[in-house]
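Each chain, written out:
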Amino acid sequence: MQDKKNLLGCSQESLEVFFKDIGEPPFRAKQLLKWVHQKGELDFEMMTDFNKDLRSRLKDIAILKTPLVKNVLTSEEGTKKYLVELDSGSSIEMVRIPEKKRMTLCISSQAGCALQCTFCATGAQGFDQNLTSDEIIGQVWLANFYDKNEAPITNVVFMGMGEPLLNFNPVMESVDIMRNQIAYCLSRKRITISTSGIVPQINKLADMTDISLAISLHASENELRDIIVPINKKYPIKELLNSCKNYLSKQTGKRNITIEYILIDGINDSLKHAAGLSKVLASLSCKINLIPFNPFDGSDYKRSTDKNIYAFKNYLVNKGYITTCRITRGDAIDGACGQLVGNLKKTIKGKSLIQHTSIH
Ligand code: SAH
Ligand code: SF4
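Keep in mind the model is a prediction, meaning the values are calculated, not measured. (Residues numbered from 1 in each chain as written. Chains lettered and ligands numbered in written order. Predicted model: local features only at pLDDT ≥ 70, side-chain atom pairs only at ≥ 80, totals over all residues. Heavy atoms only, no water.)

Caption draft 1: Structural detail: the overall build of the protein chain. On a plain count of helices and strands, the protein chain comes out with 12 helices and 14 strands. Computed over the C-alpha atoms, the radius of gyration of the protein chain is 21 Å, within 12% of the 21 Å expected from 2.2 N^0.38 for a compact globule of 360 residues. Burial status across the protein chain gives 55% buried among its 360 residues. For the protein chain, the exposed surface amounts to about 16800 Å²; the carbon and sulfur share of it is 51%. Within the protein chain, one finds 47 positive and 39 negative side-chain charges whose respective centroids are separated by 6 Å. (Helix = DSSP H or I, 4+ residues; strand = E, 2+ residues; numbered from the N terminus. Rg over C-alpha atoms; globule rule 2.2 N^0.38 Å. Buried < 20%, exposed > 50% of the residue type's maximum accessible area, 1.4 Å probe, protein only. Areas by Shrake-Rupley, 256 points an atom, 1.4 Å probe, with all protein chains shown as cover. Lys, Arg positive; Asp, Glu negative; His and termini not counted. Charge placed at Lys NZ, Arg CZ, Asp CG, Glu CD.)

Have a look at this one:
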């Protein structure tokens, strides 16, 4: 028997094709999207505006299936980290981050990552697999409907595991569902793709969408960036920043790019580095987000000292850059990308799985 088609990650356009193929009118797509992504309903039998015959046909040929939440860790300040298992048995992470007026969800696009940035726990694990659009939008679904007592998600950032631009089509199909007014209805400013800088894909993205873009720069000279973000050898800084300018040139209204810069003690955090950064970004419309390195087992890097963090930030502010410093949320629950799965893999090799469901 042929596998049932999972409809969870289908955009309106793909659902219209699906319903056409089974002899149903296109408006069924909208009905299904509303049931699944507005009401959180995954049981065809409950979809009362589908007649009995359609409901039973859908049950025969299709499913609505999310990945599995295996563990939830809560930190004191309210950050919640979910360990999620895919069909294949691989694990990914997503993180819910409450802020003043927002509820941001940080999601994964791949299990593991092939790009091996030297400061990243996901990179250290290697690449497992690309996520399907079901598994990507499934994270947004789970964050909205699995935890019934939690506030709905207002912002989504692709800053979990993996390089979203190397899993382009599934990521874009899930973005389509996030933006659709009859699904999650998130505006372009509320969805951010973070990339280590896959230049051709940034240019492709520019022709397709206007969502927010964040670039993981982390160094302003190729020599250093080649080491800490090795994909730089293929797409060096100048080309990367040109692709950012191209991205902005296709946008309407005043927009800017977010530049992410991890501060690692003694590696990229001196005032000389700040000056270099200020210089390379001079002609790009951007804001800078500084992220103190979040240490993990097996890494020799250290978080910059508070003194260096403030000095670095002040330098950029004085040069006129809007600069924020993301105090890593949820350090206590292995906040940065890939760290929870990294620990899980180690414990599986060692002894028991993580047992607790929350720590305070
Ligand atoms: N692959 C994409 C998106 C996932 S990484 C990218 O690289 O942009 C998302 C963010 O987490 C990136 O800015 C990355 O640099 C940051 N990050 C990874 N490991 C970290 C660590 N140990 N401490 C702090 N930030 C980290
Ligand atoms: Fe991959 Fe991003 Fe981690 Fe680099 S920082 S290894 S691109 S997930």
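Caption draft 2: View of the site of ligand 2. In the region of ligand 2, the neighbouring residues are C113, L115, Q116, C117, F119, C120, G123, G162 and S196. Residues of the shell around ligand 2, tallied by class, amount to five nonpolar, four polar and no charged. (Near = heavy atom within 4 Å. Nonpolar A, V, L, I, M, F, W, Y, C, P; charged D, E, K, R; others polar.)

Caption draft 3: A look at the environment of F158. Examined against the element boundaries, F158 turns out to sit in strand β9 (residues 155-158). Judged by its relative accessible area of 2%, F158 falls in the buried class. Each C-alpha atom, one on F158 and one on E173, is 14 Å from the other, the two residues being 15 residues apart in sequence.

Caption draft 4: Structural context of the site of ligand 1. In the vicinity of ligand 1, 19 residues are found, and the nearest of them are G162, S194, S216, H218 and N294. Here a nitrogen atom of ligand 1 sits 3.4 Å away from a polar atom, N or O, in the side chain of E163. Within the side chain of E260, a nitrogen or oxygen atom sits 3.1 Å from an oxygen atom of ligand 1. Protein chains shield 95% of the accessible area of ligand 1, which is 530 Å² for the free molecule. Taken together, the elements giving at least two residues each to the shell around ligand 1 come down to β10 (191-195) and β12 (257-263). (Polar contact = N/O pair within 3.5 Å; in protein donor to acceptor, adjacent residues only side chain to side chain.)

Caption draft 5: Expanded view of the packing of helix α5 (residues 133-146) against helix α6 (residues 168-179). Interaxial distance between α5 and α6 falls to 8 Å at its minimum, and their mutual angle equals 40°. In terms of crossing hand, the pair formed by α5 and α6 is right-handed. Residues S133, I136, I137 and V140 of α5 pack against P170, V171, E173, S174, I177 and M178 of α6. When its residues are assigned to classes, the contact of α5 with α6 shows seven nonpolar, two polar and one charged. (Axes fitted to C-alpha atoms, helices over the stretch in contact; angles between N-to-C directions. Left-handed = near helix turned anticlockwise from the far one by under 90°. Contact = heavy atoms within 4.5 Å.)

Caption draft 6: Here's a closer look at the side chain of E24. You can see E24 is positioned in the loop between α1 (12-21) and α2 (27-38). Under the relative-accessibility criterion, E24 is labelled buried at 13%. Polar contacts involving the side chain of E24 include one to the side chain of R28, which spans 2.9 Å. Engagement of the side chain of E24 in a polar contact is seen with the side chain of R57, the distance being 2.6 Å.

Caption draft 7: Highlighting α5. Between its first and last C-alpha atoms α5 spans 18 Å; for 14 residues at 1.5 Å apiece the expected length is 20 Å, and the two agree. The largest bend in α5 is about 25°, located at V140. For α5, the buried fraction is high: 13 of the 14 residues fall into the buried class. (Expected span 1.5 Å × (residues − 1). Bend = angle between axes of the 7 residues up to and from the residue.)

Caption draft 8: Representation of the pattern of salt bridges. Tallied over the full model, the rule gives 16 salt bridges. Between E24 and R28 there is a salt bridge whose closest N-O contact spans 2.9 Å. The two residues E24 and R28 agree in class, both being buried. Residue E93 pairs with K81 through a salt bridge whose shortest N-O separation is 3.0 Å. A residue pair is termed long-range when its members are at least 10 positions apart, and E93 in strand β5 (residues 91-98) and K81 in strand β4 (residues 80-85) qualify at 12 residues. For the residue pair E93 and K81, the accessibility class agrees, reading buried in each case. A single salt-bridge network, built from bridges that share partners, covers E24, R28, D53 and R57. (Salt bridge = Lys/Arg side-chain N within 4 Å of Asp/Glu carboxyl O.)

Caption draft 9: Looking closely at the sheet that holds β4. Taken together, the 10 strands give an open sheet; going across it, the order is β3-β4-β5-β6-β9-β10-β11-β12-β13-β14, and neighbouring strands pair in mixed fashion. If you trace the sheet from one side to the other, it starts and ends with β3 (68-74) and β14 (323-325), each paired once. The sheet shows a mean angle of 20° between the axes of neighbouring strands, direction not considered. The pairing of strand β11 (residues 212-216) with β12 spans three bridges and is parallel. When the sheet's bridge partners are listed, S216 is paired in β12 with E260. (Pairing = 2+ DSSP bridges.)

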